[in-house]
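Survey of secondary and tertiary structure
One letter stands for each residue in the lines below.
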Amino acid sequence: MLCRREFNGLCARLGVSFAAVSAMLATLSSATTFAATQPSNDAGRRMVRFRDGTIVPAIGQGSWHLAQGRHPEAVEEDALRTGLSLDMTLIDTSDNYGDGRSEELIGRVMAGQRDRVYLVSKISNDMTPEGITRACDGSLGRLGTDHLDLYLLHWRSPGTDLSGVVAAFESLRAAKKIRAWGVSNFKVSDMEDLFRVPDGHRCATNQVRYSLDSRGMERDLLPWCEQRGMPVMAYSPLGGDSGSLVHDPALARVGATHDCSAAAVALAWAIRRGNVIAIPESGSPLHVKENAVALSLTLSPQEIEALDAAHPVKPTDIVRSWLDQGRQWLRGFRNVE
Ligand code: NAP
């Protein structure tokens, strides 16, 4: 993260004033055009294609808070099974969700139907090559399966050796313990670094926060990934733990015209561009049924415009994007030196 002094210095070196940056930010914050170009399955449900040709539903199921007492576990299992039956067959988890209890619960849900699930898990702690292999074996054991469809690096810590991580992921892929790998919480500058290491371009996706209330990645990461044909996974698409968007008046108004919930509209908005997979979490079968509606809900350009106007990109997100551009510029400058 650049401090204010570094940012001012960067502006001076780039020959722009803070006022000019603010004016550009104001223009950028009002710019939004989207097109729905997703493939769909026979039932008209929206799907997303990975670069290796694998096709998954545009709405999956998250699991961060499952098996931690928010709902009875039997109800949460029922919720996930309901999602599977409604084509939300991508399930996202992580070795650190509930210290592995989320993975164990998913293992019970998948028993007898593993081949119907596109299973995603993450490595969160020891990111050395040995640590990654150990963590993957641990996840496979808790999930009761012999492979993950996608394995993600949960985040990049300051000391993370990206070439070591990629080499470890590639070894797991060669051993058929994972089918593909990706990253999470990577900014564009991190993606650029990743693509510079051997095999870094094999990254399947980047999982980042994205919702109508948190639109930062539209400025930089989403176009970066689109240019490379790489889908993005959107976490917290309903606003996070608080589910803050499920009572949003602008979403509820659009929902009323389609006879569906605000949550379904929030999810349809998140996947509207065709290269985003949203992974809402719910431990409630009723909520899961509401969320599944988004798989076949098409918003009109006017509805998208109204939602964009009610929730414009926040100035803080735009500044963050500029700071990351500064970071990329500084790294490029150091590489040239
Ligand atoms: P979210 O999916 O935006 O929101 C979850 C909340 O919304 C829960 O409180 C849930 O409660 C509620 N909800 C779901 N559907 C609803 C509906 N139809 N009506 C009303 N309320 C509804 O937030 P999230 O859990 O932060 O994100 C989703 C998933 O993304 C996580 O589970 C995890 O798998 C992943 N994630 C990844 C990262 C990362 O760093 N890679 C970070 C955060 C999250 P009920 O259970 O009662 O329905």
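This one's a predicted model, so the numbers in the text were calculated from it and none came from an experiment.

1. Comments concerning the overall build of the protein chain
In terms of helices and strands, the protein chain carries 13 helices and 9 strands. Going through the 337 residues of the protein chain one by one, you find that 43% of them count as buried. Counted over contacts in the protein chain with a minimum sequence separation of 6, partners at least 24 positions apart contribute 76%.

2. Examining the environment of Leu-251
Of note, Leu-251 is situated in helix α9 (residues 249-258). Each C-alpha atom of the pair Leu-251 and Ala-262 lies 4.8 Å from the other, and the pair is 11 residues apart in sequence. Once residues within four sequence positions are removed from consideration, Leu-251 is found in contact with Leu-245, Ala-262, Val-265, Ala-266 and Leu-307.

3. Re the nonpolar core
In this structure, Tyr-151, Ala-234, Ala-266, Leu-267, Ile-277 and Ala-278 are the most contacted members of the largest nonpolar core, which totals 86 residues. Top contributing element to this core by residue count: helix α10 (residues 262-270), with 9 residues. If we skip the residues at most four places from it in the chain, Ala-234 touches Tyr-210, Ser-211, Ala-270, Val-276, Ile-277, Ala-278 and Ile-279.

4. A look at the site of the ligand
Taken together, 28 residues lie around the ligand, and Gly-62, Tyr-235, Leu-238, Gly-243 and Glu-281 are the ones closest in. No other element matches helix α11 (residues 285-292), which puts 3 residues into the shell around the ligand. Looking at the shell around the ligand, its residues break down into 8 nonpolar, 16 polar and 4 charged.

5. What to know about α9
For an α-helix, the turn length of 3.6 residues means that residues three or four places apart are oriented alike. Among all positions of α9, only Ala-250, Leu-251, Val-254 and Gly-255 are buried. The buried residues of α9 occupy an angular sector of 135° when projected down its axis, which confines them to one face. When the buried face of α9 is taken as reference, the exposed residues oriented beyond 90 degrees from it are Pro-249 and Ala-256. Buried positions along α9 lie against α10 and α12 (301-310). Just past α9, the residue Asp-259 takes up positive phi, approximately 60°.

6. Some words on unusual backbone geometry
The residue Asp-99 is not glycine, and still its phi comes out positive at about 55°. Position of Asp-99 relative to the elements: it lies in the loop between β3 (90-92) and α4 (101-110).

7. So, the packing of helix α3 (residues 73-85) against α4
Two measures define how a pair of helices packs: the angle their axes make with one another and the distance between the axes. One can describe the packing of α3 onto α4 by two numbers: an axis separation of 10 Å at closest approach and a directional angle of 60°. The angle between α3 and α4 places the two elements in the oblique class. As α3 runs across α4, the sense of the crossing is right-handed. When α3 is examined against α4, the residues Glu-73, Glu-76, Glu-77, Leu-80 and Arg-81 are found in contact with a partner set consisting of Leu-105, Ile-106, Arg-108 and Val-109.

8. Let's talk about the pairing of strand β4 (residues 118-123)
Where burial is concerned, most of β4 is hidden: 5 out of the 6 residues are buried. In the sheet, β3 pairs with β4 via 3 bridges, with the strands oriented parallel. Within the sheet, the bridge partner assigned to Asp-92 lies in β4 and is Val-120. With α4 bridging β3 and the parallel β4, this β-α-β connection has right-handed handedness. Alignment of β4 against strand β5 (residues 150-153), held across 4 bridges, turns out to be parallel. For Val-120, the partnering residue across the bridge sits in β5 and is Leu-150.

9. Quick look at the sheet that holds strand β8 (residues 232-235)
Taken together, 7 strands build an open sheet; the order of strands is β3-β4-β5-β6-β7-β8-β9 and the sheet is parallel. For this open sheet the edge positions go to β3 and β9 (276-278), each flanked by a neighbour on one side alone. Taken pair by pair, the neighbouring strands of this sheet meet at an average axis angle of 25°, ignoring direction.

10. Remarks on the pairing of β8
Here β8 shows two buried faces, one formed by Val-232 and Ala-234 and the other by Met-233 and Tyr-235. Relative to β8, strand β7 (residues 206-209) runs parallel, the two being bridged by 4 bridges. Within β8, the residue paired with Val-208 across the bridge is Ala-234. The parallel pair β7 and β8, bridged by helix α8 (residues 221-227), forms a crossover whose chirality is right-handed. Pairing geometry for β8 and β9, over 3 bridges, is parallel. From the neighbouring strand, Val-232 faces β9, where its bridge partner is Val-276.

11. Focus on the confidence of the model for the protein chain
Summary statistics for the protein chain give a mean pLDDT of 89 and a share of 88% for residues scoring 70 or more. Note that residues 1-37 has pLDDT below 50 and, in this model, 32 contacts with residues that lie over four places away or in other chains.

Criteria and thresholds
- Residues numbered from 1 in each chain as written.
- Predicted model: local features only at pLDDT ≥ 70, side-chain atom pairs only at ≥ 80, totals over all residues.
- Helix = DSSP H or I, 4+ residues; strand = E, 2+ residues; numbered from the N terminus.
- Buried ≥ 20, exposed ≤ 12 C-beta atoms within 10 Å, placed from the backbone.
- Contact = placed C-beta atoms within 7 Å.
- Core = buried A, V, L, I, M, F, W, Y, C linked by C-beta atoms within 7 Å.
- Near = placed C-beta within 6 Å.
- Nonpolar A, V, L, I, M, F, W, Y, C, P; charged D, E, K, R; others polar.
- Arc of directions from axis to C-beta.
- Axes fitted to C-alpha atoms, helices over the stretch in contact; angles between N-to-C directions.
- Parallel < 35°, antiparallel > 145°, perpendicular 65-115°, else oblique.
- Left-handed = near helix turned anticlockwise from the far one by under 90°.
- Pairing = 2+ DSSP bridges.
- Right-handed = clockwise from strand over helix to strand, strands pointing away.
- pLDDT = per-residue confidence, 0-100.

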